[in-house]
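Residue-level listing of the chains:
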Amino acid sequence: MKTNWSAAFQIAAVYVGTVVGAGFATGKEIVEFFSRFGFIGLIGILMSGYILISLGSKLMRISARIGATSYQEFNLYLFGRFLGPVINVIMLFMLLGVTAVMLSGGGAIFEEQLGFNKSIGVLFTLGLSLIVMSVGIKGLFAVNTVVVPLMISFSFLLMILSVKLPGFMEQLLFIPPVEDGWKSVIAPFSYTAFNLGLAQAVLVPVASEIKDDQTVKWGGRIGGILLTLILISGHITLIMLPNLELYEIPMAVIIKNLASGLYWIYIVVIYSEVFTSVIGNIFGLERQIKSIFSLPSLVIFLLIYVITYSISLIKYGTLLAHLYPLFGYISIIFIILLWMKPLKE
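First things first, this report covers the structure right here in the doc.

1. Re the overall build of the protein
Along the protein, the regular secondary structure elements total 14 helices and zero strands. The helix and strand sequence of the protein, counted from the amino end, reads α-α-α-α-α-α-α-α-α-α-α-α-α-α. Computed over the C-alpha atoms, the radius of gyration of the protein is 19 Å, within 12% of the 20 Å expected from 2.2 N^0.38 for a compact globule of 345 residues. Referenced to the eigenvectors of the C-alpha coordinate spread, the extents of the protein come out at roughly 55 × 40 × 40 Å.

Quick look at the structure:
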């Protein structure tokens, strides 16, 4: 069957846009899982890349083949009738938690970079997401196909500028002493498990709408490759920032130092990436809740907004540092079962 390359690149854009959320776009997530471990972190990124390429594609292909329309149906298939419902409840809470982190990231951009109150940023993000969500999956595709290429372009620009800095090779190969160095060993697995486990809320319904196996396969692979390249470029950029763990939005600090003329454009790009992940997660949550309760979409959206807004008022860096690794450890069983599950014709 011939691959629809246009649809494949749209799938790839949604995949990248869903994973590249508040933590990824701001640099905080890359620091937490990889860059603070130096050269060991780079090895972890390469391992993560392989998992994102192979299992991201496999997740979507299985979804399309079994006709799953929500991550609830996919988890029932993956975990079975007994464990599936339990995993779905855990996933629901994880999605709510991560959406709150995304909103907090949006608020942090308004607070740290624009000088506004954090609550204004969070409420603005919620209001904007409601407008896009009213359009449905077409709105999700449209936003991602514009924002993702911009994010990739900036990632590579910052990487090129960082490589030219003095002492780059020494910093690239440097392994800093850290108290929790053991986390660098499991980081590739907890990171990919966390991201794939949560991305399924968007990737499963997207794959079910496309249906064509070859298109879905290449969409997943292209998305995984792009994510790997962005991770590498982000890491190479971040290791050149002294005391990188101290900043809420380290990538904004870097671009202010290396390419100040593009600073405000990049802030818009970072915010847009945060925004795409917010609408991606809310899209998945709405479908999941609707499959359990027969409520109007507007009521579901309002419930999601109230809960995530309340959590998002906690400091962004604190939320990310505690929730993301925890969700990663919980999700490891997900990628193990996904890896073991055969692709049936």
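2. A closer look at the pattern of salt bridges
Tallied over the full model, the rule gives three salt bridges. Among the salt bridges present, the one from Arg61 reaches Asp213, with a minimum N-O distance of 3.0 Å. Highlighted residues: Arg61 in helix 4 (residues 39-66) and Asp213 in helix 10 (residues 213-238), separated in sequence by 152 residues. The exposure classification of Arg61 matches that of Asp213, with both residues buried. Connected via shared salt-bridge partners are Arg61, Arg65 and Asp213.

3. Quick word on the environment of Phe168
Position of Phe168 relative to the elements: it lies in helix 8 (residues 168-173). For Phe168, a relative accessible area of 9% gives the class buried. Taking the C-alpha atoms as reference, Phe168 lies 41 Å from Gln214; in sequence the two are 46 residues apart. In this structure, Phe168 is in contact with Ser162, Val163, Ile236, Ile239 and Met240, ignoring residues within four places of it in sequence.

4. Structural notes on the layout of surface pockets
Put simply, the largest pocket is a space of about 310 Å³. Looking at the largest pocket, it is lined by 15 residues, and the ones nearest its centre are Tyr50, Ile51, Ser54, Leu55 and Trp339. When residues of the lining of the largest pocket are traced back to their parent elements, those giving at least two are helix 4 and helix 14 (316-340). The dominant element in the lining of the largest pocket, judged by the number of residues it contributes, is helix 4, at eight residues. Partitioned by chemical class, the residues of the lining of the largest pocket number ten nonpolar, two polar and three charged. Approximately 190 Å³ is the volume attributed to the second largest pocket.

5. Observations regarding the nonpolar core
Counting 104 residues, the largest nonpolar core has Phe74 and Phe334 as the members making the most contacts within it. Per element, the largest residue contribution to this core is 17 residues, and it comes from helix 5 (residues 71-113). Leave out the neighbours within four places in its chain, and Phe334 touches Leu59, Phe74, Asn75, Leu78, Phe79, Ala193, Leu196, Gly197 and Gln200.

6. Points about a nonpolar patch on the surface
Residues Phe82, Leu83, Val86, Ile90, Leu326 and Ile330 make up a contiguous nonpolar surface patch of about 540 Å² in total accessible area. Secondary structure elements with two or more residues in the nonpolar patch: helix 5 and helix 14. The element that contributes the greatest number of residues to the nonpolar patch is helix 5, accounting for four residues. Within the fold, Leu83 resides in helix 5.

7. Points about helix 10
In this model helix 10 runs 37 Å from its N-terminal to its C-terminal C-alpha over 26 residues, within 8% of the 38 Å that 1.5 Å per residue would give. In terms of residue burial, helix 10 counts as a mostly covered element, since 20 of its 26 residues are buried.

8. Here's the deal with empty space enclosed by the protein
Overall, the coordinates contain three cavities of 30 Å³ or more when judged by the stated rule. Along its surface, the largest cavity is lined by twelve residues, and Thr18, Val19, Met102, Asn195 and Leu198 are the ones closest to its centre. Contributing elements (two or more residues each) for the lining of the largest cavity: helix 1 (5-19), helix 5 and helix 9 (183-210). Per element, the largest residue contribution to the lining of the largest cavity is four residues, and it comes from helix 9.

9. A few points about the environment of Ile66
Position of Ile66 among the secondary structure elements: in helix 4. Given a relative accessible area of 34%, Ile66 falls into the partly exposed group. In this structure the C-alpha to C-alpha distance between Ile66 and Tyr77, which are eleven residues apart in sequence, comes to 8.4 Å.

Rules and cut-offs
- Residues numbered from 1 in each chain as written.
- Predicted model: local features only at pLDDT ≥ 70, side-chain atom pairs only at ≥ 80, totals over all residues.
- Heavy atoms only, no water.
- Helix = DSSP H or I, 4+ residues; strand = E, 2+ residues; numbered from the N terminus.
- Rg over C-alpha atoms; globule rule 2.2 N^0.38 Å.
- Salt bridge = Lys/Arg side-chain N within 4 Å of Asp/Glu carboxyl O.
- Buried < 20%, exposed > 50% of the residue type's maximum accessible area, 1.4 Å probe, protein only.
- Contact = heavy atoms within 4.5 Å.
- 1 Å grid on protein atoms, 1.4 Å probe; cavity = no way out; pocket = protein on both sides within 12 Å on 5 of 7 lines; lining within 4 Å.
- Points joined across faces, edges and corners; volume = space filled by probe spheres on them.
- Nonpolar A, V, L, I, M, F, W, Y, C, P; charged D, E, K, R; others polar.
- Core = buried A, V, L, I, M, F, W, Y, C linked by side-chain atoms within 4.5 Å.
- Patch = residues over 30% accessible without salt bridge, like charges linked within 9 Å, V, L, I, M, F, W, Y side chains within 5 Å.
- Areas by Shrake-Rupley, 256 points an atom, 1.4 Å probe, with all protein chains shown as cover.
- Expected span 1.5 Å × (residues − 1).

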